[in-house]
Amino acid sequence: MESLKEKTAKGLLWGGFSNGLQQLLSLAFGVILARKLSQEDYGMVGMLAIFSAVAACMQEGGFIAALNRKKDVTQRDYNAVFWMSILTSVCFYMLFFITAPLISRFYDEPRLTALARYSFLSFLFVSFSIAPRAYIFRNMMVRQSSIIALVSMALSGVVGIIMAYMGYAYWGLATQNIVFTLSVSVLNYYYSGWRPTLNIDLRPIREIIGFSSKLIVTNIVTAVNTNYLSVLLGKHYQARDVGDFTQANKWNTMGHSLITNMLYSIAQPVLTKTEGEPERQKHVFRKLLRFTAFVSFPAMLCLALVSEEFIVILITEKWLTSAHILRVICLAGAVMPISYLFSHLLISRGRSSTYMWCTIGLCAAQLLCVGFCVPYGIGRMVQGFVAINILWVGVWFYFAHGEIGLSLKEAVKDIAPYALLSAGIVYATYLVTASIENMYLSIAVKVLMVFVLYCAALWLLGSTIFREAVMFITKKKIE
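(A) Fine view of the overall build of the chain. Looking only at helices and strands, the chain features 22 helices and zero strands. Every one of the 479 residues in the chain was classed for burial, and the buried ones make up 56%. For the chain, contacts bridging at least 24 residues in sequence account for 83% of all contacts bridging at least 6. Total accessible area on the chain stands at roughly 21300 Å², and carbon and sulfur atoms take up 67% of it.

(B) Region of interest: the pattern of salt bridges. Taken as a whole, this structure holds ten salt bridges when the rule is applied. Here Glu-410 makes a salt bridge to Arg-286, at a shortest N to O gap of 3.6 Å. Taken together, the residues span a long stretch of sequence, with Glu-410 in helix H20 (residues 408-433) and Arg-286 in helix H14 (residues 278-305) at a distance of 124 residues. Residue Glu-410 is classed as buried on the basis of its relative accessible area, which comes to 19%. Lys-446 is the salt-bridge partner of Glu-309, the closest N and O atoms lying 2.7 Å from each other. Remark: Lys-446 occurs in helix H21 (residues 439-461) and Glu-309 occurs in helix H15 (residues 307-315); sequence separation between them is 137 residues. Taking the relative accessible area as the measure of exposure, Glu-309 reaches 8% and is therefore buried. Sharing partners across several salt bridges, the network here consists of Lys-282, Arg-286, Arg-290, Glu-410 and Asp-414.

(C) Inspection of the packing of aromatic side chains at higher detail. Scanning all chains against the criterion turns up 24 aromatic pairs. Ring centres of Phe-294 and Tyr-418 lie 6.1 Å apart, and the angle between their planes is 75 degrees; on these two criteria the pair is classed as edge-to-face. You can see Phe-294 sitting in helix H14 and its partner Tyr-418 sitting in helix H20, a full 124 residues away along the chain. One exposure class covers both Phe-294 and Tyr-418, and it is buried. Summarising the aromatic geometry, the rings of Phe-294 and Tyr-454 are spaced 6.2 Å apart at their centres and angled 25 degrees between planes, so their arrangement reads as stacked. Of this pair, Phe-294 sits in helix H14 while Tyr-454 sits in helix H21, and the two are 160 residues apart along the sequence. The exposure class assigned to Phe-294 is buried, which follows from its relative accessible area of 11%.

(D) Molecular detail of a nonpolar patch on the surface. On the surface, Val-158, Ile-162, Met-166 and Tyr-168 cluster together into a nonpolar patch covering about 380 Å² of accessible area. Structurally, the position occupied by Ile-162 is in helix H9 (residues 142-165). With a relative accessible area of 45%, Ile-162 lands in the partly exposed category.

(E) Inspection of the side chain of Gln-281 at higher detail. With respect to the helices and strands, Gln-281 occurs in helix H14. You can call Gln-281 buried: its relative accessible area is 1%. For Gln-281, the residues in contact, after removing those within four places along its chain, are Leu-271, Thr-274, Glu-275, Ser-348, Arg-349 and Ile-404.

(F) Seen up close, the layout of surface pockets. A volume near 300 Å³ is recorded for the second largest pocket. Lining the second largest pocket are 14 residues, with Ala-304, Leu-305, Arg-327, Tyr-430 and Lys-446 positioned closest to its centre. Elements with a minimum of two residues in the lining of the second largest pocket: H14, H15, helix H16 (320-348), H20 and H21. With four residues, the top contributor of residues to the lining of the second largest pocket is H20.

(G) Broad picture of helix H18 (residues 378-391). The terminal C-alpha atoms of H18 lie 20 Å apart, and with 14 residues this matches the ideal 20 Å at 1.5 Å per residue to within 8%. All of the buried residues in H18 are Ile-378, Met-381, Val-382, Gly-384, Phe-385, Val-386, Ile-388 and Asn-389.

(H) Region of interest: helix H5 (residues 75-107). With 33 residues, H5 extends 45 Å between its outermost C-alpha atoms, agreeing within 8% with the 48 Å of an ideal straight helix rising 1.5 Å per residue. Its axis deflected by about 50 degrees at Thr-99, H5 carries its strongest bend there, up to four residues before the proline Pro-101. At the C-terminal side of H5, Asp-108 shows a positive phi close to 55 degrees.

Calculation rules
Residues numbered from 1 in each chain as written. Predicted model: local features only at pLDDT ≥ 70, side-chain atom pairs only at ≥ 80, totals over all residues. Heavy atoms only, no water. Helix = DSSP H or I, 4+ residues; strand = E, 2+ residues; numbered from the N terminus. Buried < 20%, exposed > 50% of the residue type's maximum accessible area, 1.4 Å probe, protein only. Contact = heavy atoms within 4.5 Å. Areas by Shrake-Rupley, 256 points an atom, 1.4 Å probe, with all protein chains shown as cover. Salt bridge = Lys/Arg side-chain N within 4 Å of Asp/Glu carboxyl O. Phe/Tyr/Trp six-rings, centres within 6.5 Å; stacked < 30°, edge-to-face > 60°. Patch = residues over 30% accessible without salt bridge, like charges linked within 9 Å, V, L, I, M, F, W, Y side chains within 5 Å. 1 Å grid on protein atoms, 1.4 Å probe; cavity = no way out; pocket = protein on both sides within 12 Å on 5 of 7 lines; lining within 4 Å. Points joined across faces, edges and corners; volume = space filled by probe spheres on them. Expected span 1.5 Å × (residues − 1). Bend = angle between axes of the 7 residues up to and from the residue.

Have a look at this one:
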């Protein structure tokens, strides 16, 4: 039997490896598609993102987290989740099919009716994957989960590119998402080894609905929180503006999701397994917190530093406006993995109500701030979004303190060194490289300089996390 530390380390390694490959695939497909398609194409799909996200939250129903927390899970439980997910998905698809003309009327864009009815087919496909995903998640089958994600992304990306070059424009983007969800469902079913039965008994849902219902509300709020800027832009500005923001947000999400997806496979299961051992759970959480800060701040601040070169080189100058948005939004991306870790601590301890209200508060604060900034342009809206995300880390900390006794001094000690060191190195790099005019040389020098200086500084300072990361990668035993 592997120790919890070994499982955690392997989970992080597989998660990091898988997500690194996923980001490379996403980068390659994103570059090809962005060069071929227009801001308007991305804007058309971006206007529907919030509806897809909300429906996905409803059909998942918080069941994956709920089954993970349940002490004893049986075939009957998984089977109930399987059929409940399908029933929910069918209902939502019918609802959105009927209301598609209203969505089109809201945006004053007639083409959205047909696009919405086609795009929302993904609801039906993804519902088949929820019970198998819950099985894979509970059993920490990180390698299988990684294979599923990589294969699905590769297959859907190829389909999207082929359709884009055949002239299908935004229809290609919609098809890419449909193929991805279909592939994920088939592969989860295959790799989990779990199979449903025709004995439909939804009574087990009653046992987990109290916990999962709060996660449903929270996930819906999170989905709204993630996508409402596209709604506001689509309502008050042109599809081109939505496209610029969607493109910037996509690259930012790729950056911070590399860290959050690494944590997703292990954070909640590991924290759940240490419940009942307060000191051990606190120790595990602080180590995860240090690792998150160690990776997140240099990665996201470096992306902000090279945002202009990154966008122009990869997807041409027509997307230059999105580069300016990306530079600002990366500041929020740097703290999102930390907020994610805090939130999953609450879930692992069964505090779904606290998680729900904290997320609702974040969404409300952002809506008020961004809504106030609408008359002042996209730039002010994005700045408001970033400011609230950064400040809200303090709220997450407050609840973490109440759960595991994490003090402010401990949190600052775990986060601040990596944040300050990264900011200082990125600023120094900016000053040194400001005179470089060639974009290719500029991005290469900036990335290399940040990487070398960051690693050298951590080595000289004797960083434990850095030492353990090097030891694990080189196959040496971690003490």
